[in-house]
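Architecture at a glance
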Amino acid sequence: MQVSGLTWGNWDETVFDLRPDIILGADVLYDSANFDDLFATVTFLLENSSGAVFITTYHNRSGHHLIEFLMVKWGLKCLKLLDGFSFLPPCKAASLQGNIQLVEIALDKEKHK
Ligand SMILES: C[S@@+](CC[C@H](N)C(=O)[O-])C[C@H]1O[C@@H](n2cnc3c(N)ncnc32)[C@H](O)[C@@H]1O
């Protein structure tokens, strides 16, 4: 297995050759000013690599439906969505403000024909 770092929003030529199986992003949804850069890169890679998935965590601090909005905007879908309280140890979960969600995201092929 080969692992490469990824800088979203950076369109140097190496990005166009990437065919990832899995794109991992831990706690990368924290500044909405960067969401377009992040999802433009992630959506490009999902289109470029059939069957690829984006696995990420995000801290849902306010209970809003951020992820649903982003899925519609970018033509993506959540394959799995796990609530942090179902996998975090109680000592970690107790100190959380809001919730952590773990999501597996793929291209919504209906929207990328
Ligand atoms: C909230 S932190 C998450 C840190 C990580 N979960 C950890 O435990 O180290 C967000 C991370 O996104 C990285 N980041 C910010 N902009 C980025 C970009 N355009 N491409 C790749 N990573 C970026 C930051 O450097 C930071 O490490």
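Quick look at the structure, then. (Residues numbered from 1 in each chain as written. Predicted model: local features only at pLDDT ≥ 70, side-chain atom pairs only at ≥ 80, totals over all residues. Heavy atoms only, no water.)

Brief notes about the site of the ligand
Around the ligand, a shell composed of Leu6, Thr7, Trp8, Ala26, Asp27 and Tyr30 is seen. At 3.0 Å, a backbone N or O of Ala26 approaches a nitrogen atom of the ligand. Notes on the ligand: free accessible area 590 Å², of which the protein chains cover 45%. (Near = heavy atom within 4 Å. Polar contact = N/O pair within 3.5 Å; in protein donor to acceptor, adjacent residues only side chain to side chain. Areas by Shrake-Rupley, 256 points an atom, 1.4 Å probe, with all protein chains shown as cover.)

Some thoughts on the packing of helix 2 (residues 35-48) against helix 3 (residues 66-74)
Packing of helix 2 against helix 3 brings their axes to within 11 Å, and their N-to-C directions diverge by 55°. The orientation of helix 2 relative to helix 3 falls into the category oblique. Here helix 2 and helix 3 pass one another in a crossing that is right-handed. Between helix 2 and helix 3, the contacting residues are Phe35, Asp36, Phe39, Ala40 and Thr43 on the first element and Leu66, Leu70, Met71, Lys73 and Trp74 on the second. (Axes fitted to C-alpha atoms, helices over the stretch in contact; angles between N-to-C directions. Helix = DSSP H or I, 4+ residues; strand = E, 2+ residues; numbered from the N terminus. Parallel < 35°, antiparallel > 145°, perpendicular 65-115°, else oblique. Left-handed = near helix turned anticlockwise from the far one by under 90°. Contact = heavy atoms within 4.5 Å.)

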